[in-house]
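Inside the fold
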Amino acid sequence: MSQTASGAAASTSADSGAGSDGSDARSGAVGIVLVSHSAAVASAVAELARGLAGGGDLAPVRPAGGTPDGGLGTSSELITEAAKAVDGGAGVALLVDLGSAVLTVKALLAEGDELPEGARLVDAPFVEGAVAALVTASAGGDLDAVTAAASEAYAYRKE
């Protein structure tokens, strides 16, 4: 399901702050996966969200950007790995950047056994939604609250 073009390197657990077991999961916290066509974009948005969410015990967030060979595109393998790594049992919110990322996540959800139970595609702006989702998940919000907070970011005005 990977779609490739030359470009940024694919994200890996090494650049996501994963523990030695490859898991970022915090028991009881909603996990967040940021799906982008670019590993650099996904990683930067994850870093920005962590920075803006403040310190303390943050909910797990992991980028899933690019393709395994380092190209631009989306990878079902990287998305699945990231979702499993952040799954603490409270659900996983998947935020995406562009159209084919949406299609890749929808296909994984339709397959039914690739993503953790409770995984959900969130219709939200990528950057603002990631920050809102992480702040809400870190404060103990459930998957519905995380989804709502991320989606409400569409209403943020910049004028």
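Here is a short report on the structure shown in this document. What you see is a predicted model, and the numbers here were worked out from it, not measured in a lab.

**A word on the overall build of the protein**
If you tally the helices and strands in the protein, you get five helices and four strands. When its helices and strands are written in sequence order, the protein yields β-α-β-α-β-α-β-α-α. Split into buried and exposed, the 159 residues of the protein put 48% on the buried side. When contacts within the protein are restricted to residue pairs at least 6 apart in sequence, those whose partners lie at least 24 apart make up 80%. Roughly 7,100 Å² of accessible area belongs to the protein as shown, and the carbon and sulfur atoms make up 52% of that amount.

**A word on the sheet that holds strand S1 (residues 31-36)**
Strand order across the open sheet formed by four strands is S2-S1-S3-S4, with parallel pairing between neighbours. The sheet is open, and its two edges are formed by strand S2 (61-65) and strand S4 (119-122), each paired on a single side. Strand-to-strand twist in this sheet, taken as the mean axis angle between neighbours without regard to direction, amounts to 25°. Bridge analysis of S1 against S2 gives five bridges, and the strand direction is parallel. Directly across from Val-35, in S2, lies its bridge partner Ala-64. Running over the sheet, helix H4 (residues 126-138) touches S1, S2 and strand S3 (92-96) and is turned about 170° from S1.

What counts, and at which threshold
- Residues numbered from 1 in each chain as written.
- Predicted model: local features only at pLDDT ≥ 70, side-chain atom pairs only at ≥ 80, totals over all residues.
- Heavy atoms only, no water.
- Helix = DSSP H or I, 4+ residues; strand = E, 2+ residues; numbered from the N terminus.
- Buried < 20%, exposed > 50% of the residue type's maximum accessible area, 1.4 Å probe, protein only.
- Contact = heavy atoms within 4.5 Å.
- Areas by Shrake-Rupley, 256 points an atom, 1.4 Å probe, with all protein chains shown as cover.
- Pairing = 2+ DSSP bridges.
- Axes fitted to C-alpha atoms, helices over the stretch in contact; angles between N-to-C directions.

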